[in-house]
Amino acid sequence: MDLDELRNKWQNINLRVDRLDNDTRRIASELASGRVRTAQTKLANFHYRTALVGLCLPVLAPMIVTVMHFALWVAVIYAAMGIILAILNFLFARKIARSDYMSMPVVSALTQAVDIRKRQKQLQAVGITLGIIVIFSLFTQALDPSSKIILLGMLVGLGVGIPIGLIKYRRAIALARQLQDELKSSLTNDV
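Residues numbered from 1 in each chain as written. Predicted model: local features only at pLDDT ≥ 70, side-chain atom pairs only at ≥ 80, totals over all residues. Heavy atoms only, no water.

**Some words on the overall build of the protein chain**
Counted only if it meets this: Helix numbers and strand numbers start at the N terminus; a helix is a DSSP run of H or I with at least 4 residues, a strand a run of E with at least 2. Surface exposure here means Shrake-Rupley accessible area, sampled with a 1.4 Å probe, where a residue is shielded only by the protein chains that are shown.
A count of helical and extended segments in the protein chain gives 4 helices and 0 strands. The secondary structure elements of the protein chain, listed N-terminal to C-terminal, are α-α-α-α. Total accessible area on the protein chain is roughly 12300 Å²; 67% of this is exposed by carbon and sulfur atoms.

**Some remarks on the packing of aromatic side chains**
For the record, the criterion: Classification of ring pairs uses Phe, Tyr and Trp, with its six-membered ring standing for Trp, and accepts pairs whose centres are within 6.5 Å; under 30 degrees between planes counts as stacked, over 60 as edge-to-face, and the remaining range as tilted. Exposure classes here rest on a 1.4 Å probe applied to the protein chains alone. A residue is buried below 20% of its type maximum, exposed above 50%, and partly exposed in between.
For the coordinates displayed, the defined rule picks out 1 aromatic pair. Centre to centre, the rings of Tyr 48 and Phe 90 are 5.7 Å apart; their planes meet at 55 degrees, and the pair counts as tilted. With Tyr 48 in helix 1 (residues 3–66) and Phe 90 in helix 2 (residues 72–98), this residue pair connects regions lying 42 residues apart in the sequence. Owing to a relative accessible area of 30%, Tyr 48 belongs among the partly exposed residues under this scheme. Accessibility expressed as a relative area gives 37% for Phe 90, which makes it partly exposed.

**Observations concerning the pattern of salt bridges**
Operational definition: Should a side-chain nitrogen of Lys or Arg be within 4 Å of a carboxyl oxygen of Asp or Glu, the pair is scored as a salt bridge.
The tally for this structure, following the rule as stated, stands at 1 salt bridge. Here Lys 95 ties to Asp 115 by a salt bridge, and the two come within 3.9 Å at their closest N and O atoms. Of this pair, Lys 95 sits in helix 2 while Asp 115 sits in helix 3 (residues 106–142), and the two are 20 residues apart along the sequence.

**Description of unusual backbone geometry**
Although it is not a glycine, His 69 sits at a positive phi angle of roughly 60 degrees. With respect to the secondary-structure elements, His 69 resides in the loop between helix 1 and helix 2. Relative accessible area serves as the criterion here: at 64%, His 69 is assigned to the exposed category.

**A short note on a nonpolar patch on the surface**
This is how the line gets drawn: A patch consists of residues whose relative accessible area exceeds 30% and which take part in no salt bridge; residues with like charges are grouped when within 9 Å of each other, and nonpolar side chains (Val, Leu, Ile, Met, Phe, Trp, Tyr) when within 5 Å.
Together, Ile 149, Leu 152, Val 156, Val 160 and Ile 164 make up a nonpolar patch on the protein surface, roughly 490 Å² of accessible area in all. Of the residues examined, Val 156 reaches a relative accessible area of 49% and is grouped as partly exposed.

**Overview of helix 2**
We count it as follows: What a helix is expected to span follows from its residue count: subtract one and scale by 1.5 Å.
Helix length check: helix 2 (27 residues) gives 39 Å between terminal C-alpha atoms against 39 Å at 1.5 Å per residue, within 8%. For helix 2, the full list of buried residues reads Val 74, Ala 75, Tyr 78, Ala 79, Met 81, Gly 82, Leu 85, Ala 86, Asn 89, Phe 92, Ala 93 and Ile 96.

**Thoughts on the side chain of Gln 40**
Applicable threshold: Residue contacts are defined here by distance: any two heavy atoms, one from each residue, within 4.5 Å place the two residues in contact.
Secondary-structure assignment places Gln 40 in helix 1. On the basis of relative accessibility, which here comes to 6%, the residue Gln 40 falls in the buried class. When neighbours within four sequence positions are excluded, Gln 40 is seen to be in contact with Ile 96, Ala 97, Ser 99, Tyr 101 and Leu 179.

**Here's the deal with a positive patch on the surface**
Put simply, the test is: Charged-residue counts in this description rest on Lys and Arg as positive and Asp and Glu as negative, His and the chain ends being excluded. For this purpose, a charge sits on NZ of Lys, CZ of Arg, CG of Asp or CD of Glu.
On the surface, a cluster of positive charge is contributed by Lys 42, Arg 49, Lys 168 and Arg 171. Among the secondary structure elements, Lys 42 is positioned in helix 1. On the basis of relative accessibility, which here comes to 36%, the residue Lys 42 falls in the partly exposed class.

**Quick look at the environment of Phe 90**
Residues Phe 90 and His 47, spaced 43 residues apart in sequence, show a C-alpha to C-alpha distance of 6.6 Å. Setting aside chain neighbours within four positions, we find Phe 90 in contact with Tyr 48 and Ala 51.

**Things to note about the environment of Thr 38**
Within the secondary structure, Thr 38 sits in helix 1. A relative accessible area of 39% places Thr 38 in the partly exposed class. On a C-alpha basis, the gap between Thr 38 and Glu 182 in space is 9.6 Å, while along the polypeptide they are 144 residues apart.

Rendered as structure tokens:
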């Protein structure tokens, strides 16, 4: 093997290594982009499902009057809470789903991720406030001495509902944090 042939083979190897390096970077970028999209989809779907649950409340509201014999204003508050939370969650989920974080500049994408967590906490504060209003209105109607079984059922429902709500709250926060972390790792690797 002469020197020219050895030099040509060396250059071919360098070209293959460069091509392989570029392919590796491209694949890593696509994987990171996929992880961001997955986190984004999970968070959006969580809020779409929450909106669907909110839409169930107006459907159940007439039972408050017909089955539990509570005042009509309690059913109206219950239904209104469901509609308000359904709309807020749907709009929030749509904003998350429509954002294209990977095409944004790093600072803008991370700012939006922080904004998502902030808006998520605001949405949860609205939900908790409306929930307290509904629970208070239900308890004012259930304090009638003739409806001890309804009061007991409400207390059991409250005891079961609070842990479920806390689990959902932690899941929503974890999904938002996952999206933010995936954005940080993928976008800072691109820089």
